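# Remarks on the overall topology
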Amino acid sequence: MNFKMQTSKLSKAHWLIGAMFFGFLVHAQEVNFEYLNENLPLEERVEILVSQMSTEEKVSQLMNGAAPIERLKVPNYNWWNEALHGIARNGKATIFPQGIGMGATFDPELVERVASAVSTEARAKYIISQRMGNHSKYAGLTFWTPNVNIFRDPRWGRGQETYGEDPYLMSKIGVAFVKGLQGNDPQYLKTAACAKHFAVHSGPEESRHRFNAEPNQQDLYETYFPAFETLVKEAKVEGVMAAYNAVYGKPACASPFLLQEVLKDQWGFDGYITSDCGAVNGVYGKQKFVGTPEEAAAVSLKAGTNLNCGKTYSNLLKALEKGLVTEELIHERTKQLYKTRFRLGMFDKQDDHPYFNVSADNIHSDEHVALAREAAQKSIVLLKNKDNVLPLSKDIKVPYVTGPFANSSDMLMGSYYGVSSSLVTILEGITDAVSLGSSLNYRSGALPFHDNINPKNWAPNVAAESDVTICVVGLTADREGEEVDAIASADIGDKVDLKLPENQINYVKQIIEKKKGPLVLVVASGSPVSLEGIEEHCDAILQIWYPGEQGGHAVADILFGDVSPSGHLPITFPKNVEQLPDYSDYSMQGRTYKYMTEDPMFPFGFGLTYSKTVFQDLNLSDTKLRKNQALSVTVEVSNEGEYNIDEVVQLYVCPKGVSGGIPIKSLKAFKRIHLNKGESKNLEFVLEPDQLKVVNEKGEKVWRKGYYNIVVGNASPGDLSVNLGAAIPQTASLQLR
C-alpha cells in the first residue's frame, strides 16, 4: 500500500470517528425544546430545532421519506402527496374533474372553491392518519400540485393534468388552485402546494429523463415561465418541483440558472424545491451529467434542490467527506424544509385553530359532491349542436346509450385520482334523468382500444330503432398519461396521432349508417381528439374531458337542459397530427392558437351554449397609449336566446403586422358571467401597461410601438370561430406610441 492510499484511508477513518464523536455529543446534550414555543419567530424556531441535529440527521431529512428523530420529538414524515383534482392515492376522497376540465371552466373562483374543498378533506384525513400512526406516502399535507407546464403539443399524455395551452389562463387557474390549497391564514398553511415541473417540460414521455430542452429566450419568457412566475409572486406557492429533463445542458434539479438565478434571485421564491422522483439519481444515471451518486447529490443540493424524492441524497455524507458540499449548505437546505413543516403547524398545539380541528364529516361531504357536479357541468364543452338537437326532452320515448365508456367508472377519473364510493357513470346519470316511461336501452358496442373479438355485434342495429343515440367514446388515463401508468399506450403514455382508437371509429361509422334519430357524440379525453370523417355526421358533440365522480350526472344535466353548457376549450383541437410541428421540438412556432396559422378543427376558447350571445358597444378609454398607461375596455354582452346561461367573455390583443416572433393573438383577460334570458350586462376590463407589452427575441418585456386590434368575444378571434357558432366578436383599434 502506498503512502497516498494510507493517508486517504486514515483521513476517512478520522473523519468518520469525528462524525461519530460529534453525533455522540449531540445525543448527549440536553435537548432545547424551545422550538415548540409558538410565540417565537419562525426563523428562530427552525434554527433552534435544526441546529440540534447531527449532520447525519439533517441528511436524513432531505429525502421525501424523512426519518424520525425521536430525541428531538420529530416524527417521520413523507413529503410525497398528490392532489391534482382531489386527494390522490390516499383512500376515500371527492374526485373533481381532471385539471384540463378545470381549465375549460375559465372560472378561477370555482377552481379556488374546488381546491379549498380538497385541502379541507386533506386536513381531516391528516388528523385521522396522525392519530392512527399512519405517516406513509400520500398521507401528508405537502401536495405536489398543480401541474402548470404548458400543454404545447396535444400528443403529450400528461397534458390532461394541466389547465391548457395558454400561459395567461394557466396562471389564473393555477393561482386559484394554489390559494385554495394553501388557505388565507397569515401564519399557517392549510396545505402546501407545489408548482411542477420546472421547467420547459411537456413530453415526450419516453425521453423525459434524458432530453435537453433549449428553447429560445422569447419562448422561455413568453410561454414556459409565466405560470411559474405568477404562482411564485402572486400565489406565494410553497413548493416548486424541478423537472426530469435538462435545460440548456443541465438537469433541472441541478440547474443554478433555473433554481437560483430565476426562481430565487429574479422571482424572490422563499419555499422549498423538490426534485421529481428519481431525478437526482438521473443526474449521474440516465443523463450522465456527473459520474457518481455523491456528485449528483452535491450538484443538486448546491443548485438549490432541498428535497430529493428518492434516496440519492443519502450520499451527501460521502460528498461532504470529499469536499463537494459543506455542512453549512446542508444546514441551510434542511432549514428551508422545516420552514414548510412549521408553516403547516406540525409542531404546534393550537387545537382551536380551524386548520387543526377539521372533522371527518368533511371528507366526501354532500357539499363537496355537489361542488364536483357543478365543476363538471361547467367544464363540459358543447362543440356542435346542429339544428339545436340539444337539449333533449326527458320524456324521449326510446333513447339509446352506447359506446365503450358509457358505463365506465374508470373513464371518469383521469390520472392522479382518489377513490370514491359514489362514481356516477354516463349511463347512470342518464338513467336518473329520463322519464320512467322512457324505453332506455344500453349496449357498449365496442371494446375501447382494440377490435371486438366476436365478429357479430348487434349494438349498431339498436340505433336504427332509437329516437336518439348517445354514443360515449374517447380515451382514459390507461391510454394517455404518465409513462409508468398508461398501460394501454404503446407509446409510453403519449399519442402518435389524434384519432380515436380505430375500433371506436369503426363503431361510430356503423352507427352513422344505421341510426334513425340524431347522433349525440360524447367524447371523453384529457386532450384534443381529431374527429375527421366523423364530425360531419354527428348532430351534436360534447367534450367532457375526465369529469370526475359526478360526471354522469353532469353530462345528463347538460343533455337534458337542466344546465346550459358553458365550458370553453383551453386548448386548440387540430384537424390531424399533420397540422403539428415535430413533437420533440420545443419551439413554439406553429403551436397553440397564439402561433398556429392553419385553421384547426375547433379553436381555442370555443364553446357553445343553448342560447345566443351578442356583443356590442366596445369602447376603449384611449385609442393611443404611451408607456405606463393602462387601458380600460368596456363592452355590452347580451343573452338574446331562450335559456339562462353562463358565458365566458374573452379579450384578445392582436398585433397588426406580426414580426419578431411575437404571437398572432394573445388572451389578456376573461370573465365568466351569468346571463338570464333577455339580460344584458356591461363589462369592464382594465389592462395594465405590463399586459400590453410583448416579449422580444431576447426574452425581454418591451413596449412595442405599433397598431393592435382589441378583440372581445366568446372564442379566439377568427372566421372559424364564427362559422362554428361563436358570437360575432367586437373589435377596436389601438396604437401604442
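What follows deals with helix α14 (residues 366-379). In this model α14 runs 20 Å from its N-terminal to its C-terminal C-alpha over 14 residues, within 8% of the 20 Å that 1.5 Å per residue would give. Residues of α14 that are buried include every one of His368, Val369, Leu371, Ala372, Ala375, Ala376, Gln377, Lys378 and Ser379, and no others.

Let us look at the state of the cysteines. Throughout the structure, instances matching the rule amount to one disulfide. Sulfur-sulfur distance for the disulfide between Cys277 and Cys309 comes to 2.1 Å. The sign of the S-S torsion, about 80°, decides the handedness of the disulfide formed by Cys277 and Cys309: right-handed. With a gap of 32 residues between them, Cys277 in the loop between β8 (272-275) and α10 (279-284) and Cys309 in the loop between α11 (293-303) and α12 (316-321) connect regions that are remote in the sequence.

On average, residues of the protein score 95 in pLDDT, and 96% of them are at 70 or above. Low pLDDT, under 50, characterises residues 1-27; the stretch is placed with 17 contacts to residues that sit more than four places away or in other chains.

Time to look at the sheet that holds β8. The strand order across the open sheet formed by three strands is β3-β5-β8, and the pairing between neighbours is parallel. The open sheet has two edge strands with one neighbour each: β3 (194-198) and β8. Adjacent strand axes in the sheet meet at a mean angle of 25° when their direction is disregarded. Judged from the four bridges that link them, strand β5 (residues 239-242) and β8 form a sheet pairing that is parallel. Opposite Met241, over in β8, you have Thr274 as the bridge partner.

A few words now on the nonpolar core. Judged by nonpolar contacts, the single largest core of 121 residues is most densely connected at Trp144 and Phe198. Setting aside chain neighbours within four positions, we find Phe198 in contact with Phe225, Phe228, Val240, Met241, Ala242, Ala243, Ala252, Leu258, Leu259, Val262, Leu263 and Trp267. Among the nonpolar cores identified, the runner-up in size contains 73 residues, and Ile100, Phe405, Ala556 and Ala726 belong to it.

Further remarks concern the packing of aromatic side chains. Applying the stated criterion to the full structure yields 28 aromatic pairs. Taken together, Phe106, Tyr168, Tyr593, Phe604, Tyr652 and Phe670 form an aromatic cluster joined through their ring pairs. When the ring centre of Trp80 is taken as reference, the NZ or CZ atom of Lys137 above it lies at 4.2 Å.

On to a positive patch on the surface, then. A surface patch of like charges, here positive, comprises Lys624, Arg626, Lys627, Lys705 and Arg737. By secondary structure assignment, the location of Arg737 is in the segment after β24 (730-736). By relative accessible area, which is 37% here, Arg737 ends up partly exposed.

Bringing the environment of Val262 into the picture now. Structurally, the position occupied by Val262 is in helix α9 (residues 256-266). Its relative accessible area of 0% is what places Val262 among the buried residues. Distance in space between the C-alpha atoms of Val262 and Glu229 is 9.0 Å, their sequence separation being 33 residues. If we ignore the near neighbours within four places in the chain, the residues touching Val262 are Phe198, Tyr221, Phe225, Phe257 and Trp267.

Conventions and cut-offs
- Residues numbered from 1 in each chain as written.
- Predicted model: local features only at pLDDT ≥ 70, side-chain atom pairs only at ≥ 80, totals over all residues.
- Heavy atoms only, no water.
- Helix = DSSP H or I, 4+ residues; strand = E, 2+ residues; numbered from the N terminus.
- Expected span 1.5 Å × (residues − 1).
- Buried < 20%, exposed > 50% of the residue type's maximum accessible area, 1.4 Å probe, protein only.
- Disulfide = S-S within 2.5 Å.
- pLDDT = per-residue confidence, 0-100.
- Contact = heavy atoms within 4.5 Å.
- Pairing = 2+ DSSP bridges.
- Axes fitted to C-alpha atoms, helices over the stretch in contact; angles between N-to-C directions.
- Core = buried A, V, L, I, M, F, W, Y, C linked by side-chain atoms within 4.5 Å.
- Phe/Tyr/Trp six-rings, centres within 6.5 Å; stacked < 30°, edge-to-face > 60°.
- Lys NZ or Arg CZ within 6 Å of the ring centre and 35° of its normal.
- Patch = residues over 30% accessible without salt bridge, like charges linked within 9 Å, V, L, I, M, F, W, Y side chains within 5 Å.
- Areas by Shrake-Rupley, 256 points an atom, 1.4 Å probe, with all protein chains shown as cover.
- Salt bridge = Lys/Arg side-chain N within 4 Å of Asp/Glu carboxyl O.
- Lys, Arg positive; Asp, Glu negative; His and termini not counted.
- Charge placed at Lys NZ, Arg CZ, Asp CG, Glu CD.

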